[in-house]
Amino acid sequence: TGTSFAGYVQVEKKWFKKLFFSAGLRYEYVSQSSPENFMGVIIPDGTSTDDAIISRFGLQYQAAESTFLR
């Protein structure tokens, strides 16, 4: 059996009609329960968990119509 969930937040800002900024954070959590010995792999207490915080940011500039630098 397993459980997973995630949540995120993101902000965006535009300057001078051509410069765009975005930044975000995401939290992910995963938990899995199984027999302690599964197909020859030993899993302590039969439980495996993992979590992580993932960040991202970016800048984008509109150099001309339909032309963007990232």
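Our subject is the structure that appears above.
Residues numbered from 1 in each chain as written. Predicted model: local features only at pLDDT ≥ 70, side-chain atom pairs only at ≥ 80, totals over all residues. Heavy atoms only, no water.

**Student:** I would appreciate a short explanation of the pattern of salt bridges in the present structure.
**Tutor:** In a structure, side chains of opposite charge can pair up when their charged atoms sit close to one another. The final tally for this structure, using the stated rule, is 1 salt bridge. With a shortest N-O distance of 2.7 Å, Glu 28 and Arg 26 are connected by a salt bridge. Assessed through its relative accessible area of 30%, Glu 28 is described here as partly exposed. What makes Arg 26 partly exposed here is its relative accessible area of 34%. (Salt bridge = Lys/Arg side-chain N within 4 Å of Asp/Glu carboxyl O. Buried < 20%, exposed > 50% of the residue type's maximum accessible area, 1.4 Å probe, protein only.)

**Student:** Sorry if this is basic, but what is going on with the packing of aromatic side chains here?
**Tutor:** The geometry of two aromatic rings is summed up by the distance between their centres and the angle between their planes. In the structure shown here, the tally under the stated rule is 3 aromatic pairs. With 6.2 Å between their ring centres and 45 degrees between their planes, Phe 5 and Tyr 27 make a pair best called tilted. Of this pair, Phe 5 sits in strand E1 (residues 2-15) while Tyr 27 sits in strand E2 (residues 19-33), placing them 22 residues apart in sequence. Among the residues examined, Tyr 27 registers a relative accessible area of 30% and is labelled partly exposed. What links up through ring pairs into an aromatic cluster is the set Phe 5, Tyr 27 and Tyr 29. (Phe/Tyr/Trp six-rings, centres within 6.5 Å; stacked < 30°, edge-to-face > 60°. Helix = DSSP H or I, 4+ residues; strand = E, 2+ residues; numbered from the N terminus.)

All we've got here are geometric facts, nothing functional implied.
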